[in-house]
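Descriptive analysis of the structure
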Amino acid sequence: MNYLIQDERAALGSLWAVSLIDSGWAAWLPFELTAAMDALSGGSAGRRAFRQQLAVERDEASRERWERFRLVAPSRLDVPIESDGLTETECYALLEGLGLVAGSPPRVVEPEPVELVLTLDEEDRRELDRTRAARDPGAGATPSEALPSLQAAFGGGDVGRNDPCPCGSGQKFKRCHGR
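Residues numbered from 1 in each chain as written. Predicted model: local features only at pLDDT ≥ 70, side-chain atom pairs only at ≥ 80, totals over all residues. Heavy atoms only, no water.

1. Quick notes on a nonpolar patch on the surface
Cut-off, in case you're wondering: By definition, no residue in a patch forms a salt bridge, and every one has over 30% relative accessible area; like charges are joined within 9 Å, nonpolar side chains (Val, Leu, Ile, Met, Phe, Trp, Tyr) within 5 Å. In these tables, accessible area is a Shrake-Rupley quantity obtained with a 1.4 Å probe, and a residue counts as shielded only by the protein chains included in the view. Whenever a carboxyl oxygen of Asp or Glu lies within 4 Å of a side-chain nitrogen of Lys or Arg, that contact is scored as a salt bridge. Under the scheme used here, helices are H or I runs from DSSP no shorter than 4 residues and strands are E runs no shorter than 2 residues, and both carry numbers assigned from the N terminus. Buried means the residue's accessible area, taken with a 1.4 Å probe over protein chains only, is under 20% of the maximum for its type, while exposed means over 50%, and partly exposed covers the values in between.
A contiguous nonpolar patch, built from Trp28, Leu71 and Val72 and spanning about 280 Å² of accessible area, is present on the exposed surface. Its location among the elements puts tryptophan 28 in the loop between α1 (2-23) and α2 (31-41). Since its relative accessible area comes to 32%, tryptophan 28 is described here as partly exposed.

2. Here's the deal with the pattern of salt bridges
With the rule as written, the count across this model stands at 10 salt bridges. Between glutamate 122 and arginine 126 there is a salt bridge, and its shortest N-O distance comes to 3.7 Å. Note that glutamate 122 and arginine 126 are positioned in helix α6 (residues 122-134) at a spacing of four residues, about one turn of the helix. Given the relative accessible area of 41%, glutamate 122 is considered partly exposed. Connected through shared salt-bridge partners, Glu122, Glu123, Arg125, Arg126, Glu127, Asp129 and Arg130 make up one network.

3. What about a positive patch on the surface?
Spelled out, the test is: Here the positive residues are Lys and Arg and the negative ones are Asp and Glu; neither His nor the chain ends is included. Charge positions come from single atoms, namely NZ of Lys, CZ of Arg, CG of Asp or CD of Glu.
On the surface, Arg161, Lys172, Arg175 and Arg179 cluster together into a patch of positive charge. For arginine 175, the position within the fold is in the segment after α6.

4. Here we look at the packing of aromatic side chains
This is how it is decided: The aromatic pairing rule takes the rings of Phe, Tyr and Trp, using the six-membered ring of Trp, and pairs them if the centres are within 6.5 Å, calling planes under 30 degrees apart stacked, those over 60 edge-to-face and the rest tilted.
Counted under the stated rule, the structure contains two aromatic pairs. Residues tryptophan 66 and phenylalanine 69 carry aromatic rings whose centres are separated by 5.8 Å and whose planes lie at 50° to one another, so their mutual orientation is tilted. Here tryptophan 66 and its partner phenylalanine 69 are both found in helix α4 (residues 60-72), three residues apart, which amounts to about one turn of the helix. For the pair tryptophan 66 and phenylalanine 69, one class covers both residues: buried.

Pasting the structure below:
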């Protein structure tokens with residue numbers, strides 16, 4: 001019975017990633033903060049991996065991701081310039097500021113949906129209108145009269161019902177294009 005509870009916790013731990021992706025933060029969270037989220041539902045192994053993540057020296061990809069996060073983080077958050085020396089408490093404070101965890105000890109909360117507002121200038125709006133017009137499903141790319149008929153004989157001769165279909169499917173004509 002105990003292993004079922006652990007499996008349920010693991011499943012719930014993967015649910016935060018889905019809701020995190022839905023909220024739009026997944027692409028922006030640095031590795032330190034994703035490790036902190038994993039530690040909340042990963043048991044002692046998750047907490048150990050989180051502490052190790054904080055202890056290792058940051059590579060270039062981690063530094064770039066941290067810088068990108070600093071640029072998009074809400075201004076109400078006090079995000080350190082660098083992630084070196086970041087503590088567990090600081091990680092959870094950042095996650096709490098984003099609304100992803102709450103309480104003491106921190107617990108994962110269901111993120112609220114975020115409404116994105118897109119502001120376009122006149123040129124961007126015209127480009128969007130041109131793109132939408134090009135994708136208009138009402139206007140077919142080729143008129144139906146110009147398309148070949150499925151009853152037409154391929155290869156110049158009449159096709160019998162039991163002959164292989166000329167389209168190359170390997171089926172008999174009666175089971176493929178002869179219907």
